[in-house]
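Observations on the model geometry
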Amino acid sequence: MSKILVCIKRVVDYNVRIRVKPDGSGIITDGVKMSINPFDEIALEEAIRLKERGIASEVIVASIGPTETQQQLRVGLAMGADRAIHIQHDTAIEPLTAAKAFLKIVEQEAPLLVITGKQAIDDDNAQTGQMLAALWNRPQACFTSKLEITNNITRATREVDDGLETIELDLPAVITCDLRLNEPRYVKLPEIMKAKKKPLELFMLNDMGITLNQQFKTVNVAPPPARQKGVLVKDAKELVELLKVKGVL
Amino acid sequence: MTRILIIAEHAHGKLNISTRKTVSCAAQIIGAEIDIAVFADQASDVATQAAQLAGVKRVLKVEHPAFAHALAATYAPAIVELASNYTHLFAPSTTFGKDLMPRVAALLGVGQISDAMAIEGSHRFVRPIYAGNAMVTLDAEPGHKLVATIRTASFQPAATTGNASIESVSIAATLPNHTRFISHSEEHNDRPDLQSAARVVAGGRALGSAENFNLIYQLADQLGAGVGASRAAVDAGYAANELQVGQTGKIIAPDLYIAVGISGAIQHLTGIKDARTIVAINKDPEAPIFDVADIGLVGDLFSVLPELAKHL
């Protein structure tokens, strides 16, 4: 029986143009559409495909967040995960805390693989997978765009700055997904109905016996400096002339 | 006293320019003492280059056959062993540093600042969130060791006028062998590196095919520029993954960025916001790329590019 644990995060939807709160304390999230972090959706898809190919027997989807996080867990179940684990906590946590909480789940479930997104598109930290691998003392393959598991040999191809790197890992291991690993499936309505009956286990983060890391304090959140509105040119000749005037050619 | 250890990024005996930029960032902390650690099977050449960086006090040469490839799981326990002498551990926010440093931080039981883009004191940093659509200023608890990755597009490379001492250091930690390097695919070309090029030409989905993407290479060659691509162009197979510019690709800050047939999704724009001059060529006058472009040209790239080649 080999399990795969997929860690997902509830984030402001990819298509939302975010706005900073006027008092600089954060981002406006009231009434904003929330979704599964797109990289975590890729992680779920990969896990489900591994189960479909007979490499895994069970896919568990886990997430940390407020009650509403169960919406995203249900979507994960509708995609094809077998059961869900919700670690409830109402305020933002640091990635190290998330890694400690997921480690507790790992110790309980003993999965063969943990798959998660390479980063969450809200805070763009790109830390949780690596931190979990470190605390678990197991291999990590970050920014994976191809995962091959055959005859007990696991190879991950990683998107690195100067091309593609392939590494071999002993299992269990942590995989973080890049964009091109797969294209997640669309969830059909009957699956959403069925997902309501799948098991969802609830934990309270504060009762898990971990110390919450509180190393960083937000001083201020600000919009980025705006670029000045540019000019339009009518053709290539005028473009070249203007670039020369600006001194960049 | 602030004591910073920077983990050098290097390949094929050459120090990556990202390390020089990380040194510049560290040097902005007043009174900081900066050391660089070079992990490699043979570290001498890279150590010599690192010792020339202005502001660096010591270069630590950490040689071991297991360090022949930059595997995070192998490097991390060794870095932890060196960490006791330092208040800060930095690496560039490239795929090298992004892979490695969270593993180091977790082993040390501390958090990490990812993508520091400005430093306002030894424990106050500014970093981008939401694909660069907001900037957060963070105070780090001074009682903890501070691990950070540094956004290279935000800093200039350190000058090579230094003269640091070089010391060999040996590691006692048991290094894991559960993660093994197999292969690396590398595009070999003479074009300027995308992340450090002064000029970059990038193509998007509108190119329509890998063959048409050659138009981007031709323009880049004429300008002595590096080549970039939008996610759409990479997903469609027109360009290699390492050319992707944006939130999940490379963040760049060239003097001149020419976006050809790129509509300008917010995830792409975050990768080019620090460019000095942005030029957009797109046939859709409503494309969001025109909101950030310094110079816009509304037109069909297939007629604009040949014209441009003529006038350059």
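1. Concerning the overall build of chain B
A count of helices and strands for chain B gives 9 helices and 18 strands. For a compact globule of 312 residues, the expected C-alpha radius of gyration is about 20 Å, and chain B comes in at 21 Å, within 12% of that figure. Counting only C-alpha atoms, chain B reaches 60 × 40 × 40 Å along its principal axes. Entry remark: accessible area of chain B is about 11,500 Å², with carbon and sulfur atoms responsible for 47%.

2. A word on the pattern of salt bridges
Following the criterion strictly, the structure yields 33 salt bridges over all chains and no others. D122 of chain A serves as the salt-bridge partner of K9 of chain A, at 3.1 Å between the closest nitrogen and oxygen. With K9 of chain A in the loop between β1 (3-8) and β2 (10-12) and D122 of chain A in the loop between β6 (113-117) and α4 (128-136), this pair connects stretches of sequence that are 113 residues apart. By relative accessible area, K9 of chain A is classed as partly exposed at 27%. Here D291 of chain B ties to K229 of chain A by a salt bridge, and the two come within 3.8 Å at their closest N and O atoms.

3. Points about the packing of helix α3 (residues 95-109) of chain A against α4 of chain A
Residues and elements named next belong to chain A. At their nearest, the axes of α3 and α4 sit 8 Å apart, and the two run at 50 degrees to each other. As summarised for this structure, α3 and α4 are arranged oblique, according to the angle between their axes. As for how α3 packs across α4, the hand of that crossing is right-handed. Within the contact between the two elements, α3 uses P95, L96, A98, A99, K100, F102, L103 and V106 and α4 uses T128, M131, L132, L135 and W136. Taken together, the residues of the contact of α3 with α4 sort by class into 11 nonpolar, 1 polar and 1 charged.

4. Comments concerning the packing of aromatic side chains
All names here are of chain B. According to the stated counting rule, one finds 6 aromatic pairs over all chains in the structure shown. Between F90 and F125, the ring centres sit 6.4 Å apart and the planes meet at 80 degrees, which makes this aromatic pair edge-to-face. Remark: F125 occurs in strand β9 (residues 124-129) and F90 occurs in strand β6 (residues 88-92); sequence separation between them is 35 residues. Residue F90 shares its accessibility class with F125, and that shared class is buried. Arranged with centres 5.8 Å apart and planes meeting at 70 degrees, the rings of F213 and Y217 form a pair that is edge-to-face.

5. Some remarks on the interface of chain A and chain B
In this assembly, 74 residues from chain A lie in contact with 85 residues from chain B. Carbon and sulfur atoms make up 54% of the surface buried where chain A meets chain B, a total of about 6,900 Å² over both sides. Its largest share of buried area at the contact with chain B, chain A owes to D161, Q215 and R227 of chain A, together 12% of the area lost on that side. Counting across the interface, chain A meets chain B through 6 salt bridges. For D294 of chain B, the salt bridge is made with R227 of chain A, and the minimal N-O distance between the two is 2.8 Å. Inspection of the chain A/chain B interface yields 45 residue pairs in polar contact (both at pLDDT 80 or more). At the level of elements, α4, β7 (140-150), β8 (153-160), β9 (163-169), β12 (216-222), β13 (231-233) and α6 (236-245) of chain A are the ones that each hand at least two residues to the side of chain A that touches chain B. By residue class, the composition of the side of chain A that touches chain B is 38 nonpolar, 13 polar and 23 charged. Pairing analysis gives 6 bridges linking β12 of chain A to strand β10 (residues 134-140) of chain B, with the strands arranged antiparallel. When the sheet's bridge partners are listed, A222 of chain A is paired in β10 of chain B with M135 of chain B.

6. Quick notes on the domain arrangement of chain B
Residues and elements named next belong to chain B. Taken domain by domain, chain B comprises domain 1 (3-168) and domain 2 (199-311). Contact residues are listed per partner, giving 6 residues for domain 1 and 8 residues for domain 2. Buried surface at the junction of domain 1 and domain 2, both sides included, amounts to about 630 Å², of which 40% is carbon and sulfur. For the domain 1 face of the interface with domain 2, the top three residues by lost area are A131, R151 and A153, together amounting to 69%. For the interface between domain 1 and domain 2, the tally reads 1 salt bridge. Residues D274 and R151 are paired through a salt bridge, measuring 2.7 Å at the closest nitrogen-oxygen approach. On the surface where domain 1 and domain 2 come into contact, there are 4 residue pairs in polar contact (both at pLDDT 80 or more).

7. Considerations on the environment of A26 of chain B
Residues and elements named next belong to chain B. Among the structural elements, A26 can be located in helix α1 (residues 17-26). Expressed as a C-alpha distance, the spacing of A26 and Q195, which sit 169 residues apart in the sequence, is 20 Å. If we ignore the near neighbours within four places in the chain, the residues touching A26 are I4, I6, A32, I34 and F90.

8. Quick notes on the nonpolar core
I87 of chain A together with I7, F39, L89 and L100 of chain B are the most contacted members of the largest nonpolar core, which totals 52 residues. One finds I27 of chain A together with I29, A40 and L138 of chain B within the second-largest nonpolar core, a separate group that totals 44 residues.

9. Some words on the pairing of strand β11 (residues 146-150) of chain B
A regular strand places its side chains on the two faces of the sheet in alternate fashion. All names here are of chain B. Burial analysis of β11 places 5 of its 5 residues in the buried class, the great majority of the element. Neither face of β11 is exposed, since L146, A148 and I150 on one face and V147 and T149 on the opposite face are all buried. Two strands pair when backbone bridges link them, and β6 and β11 are joined in this way by 5 bridges, in the parallel orientation. If you follow A91 over to β11, its bridge partner there is T149. Here 3 bridges tie strand β7 (residues 112-116) to β11, and the two strands are oriented parallel to one another. Each bridged residue has a counterpart across the sheet, and for Q112 the counterpart in β11 is V147.

10. Some points on unusual backbone geometry
Residue and element names in this part refer to chain A. With omega at 0 degrees, the peptide bond leading from L171 into P172 counts as cis. Structurally, P172 is set in the loop between β9 and β10 (173-177). For A126, which is not glycine, the phi torsion reads 55 degrees and is therefore positive. Positive phi is not limited to glycine here, since N137 has a value of about 60 degrees. Looking at the element boundaries, N137 is found in the loop between α4 and β7.

11. A closer look at the sheet that holds β13 of chain A
Read from one edge of the open sheet, 6 strands run β13(A)-β18(B)-β17(B)-β16(B)-β14(B)-β15(B), paired in parallel fashion. Edge strands, defined here as strands with exactly one partner in the open sheet, are β13 of chain A together with β15 (226-229) of chain B. Adjacent strand axes in the sheet meet at a mean angle of 20 degrees when their direction is disregarded. Bridging between strand β14 (residues 199-203) of chain B and β15 of chain B involves 4 bridges; their strand directions are parallel. In the sheet register, G203 of chain B faces β15 of chain B, and the bridge partner there is A229 of chain B. Strands β16 (256-260), β17 (277-282) and β18 (295-298) of chain B of the sheet are contacted by helix α9 (residues 301-311) of chain B, whose axis makes an angle of about 130 degrees with β17 of chain B.

Analysis parameters
- Residues numbered from 1 in each chain as written.
- Chains lettered and ligands numbered in written order.
- Predicted model: local features only at pLDDT ≥ 70, side-chain atom pairs only at ≥ 80, totals over all residues.
- Heavy atoms only, no water.
- Helix = DSSP H or I, 4+ residues; strand = E, 2+ residues; numbered from the N terminus.
- Rg over C-alpha atoms; globule rule 2.2 N^0.38 Å.
- Areas by Shrake-Rupley, 256 points an atom, 1.4 Å probe, with all protein chains shown as cover.
- Salt bridge = Lys/Arg side-chain N within 4 Å of Asp/Glu carboxyl O.
- Buried < 20%, exposed > 50% of the residue type's maximum accessible area, 1.4 Å probe, protein only.
- Axes fitted to C-alpha atoms, helices over the stretch in contact; angles between N-to-C directions.
- Parallel < 35°, antiparallel > 145°, perpendicular 65-115°, else oblique.
- Left-handed = near helix turned anticlockwise from the far one by under 90°.
- Contact = heavy atoms within 4.5 Å.
- Nonpolar A, V, L, I, M, F, W, Y, C, P; charged D, E, K, R; others polar.
- Phe/Tyr/Trp six-rings, centres within 6.5 Å; stacked < 30°, edge-to-face > 60°.
- Buried area = accessible area lost by both parts, 1.4 Å probe.
- Polar contact = N/O pair within 3.5 Å; in protein donor to acceptor, adjacent residues only side chain to side chain.
- Pairing = 2+ DSSP bridges.
- Domains from an automatic or database assignment.
- Core = buried A, V, L, I, M, F, W, Y, C linked by side-chain atoms within 4.5 Å.

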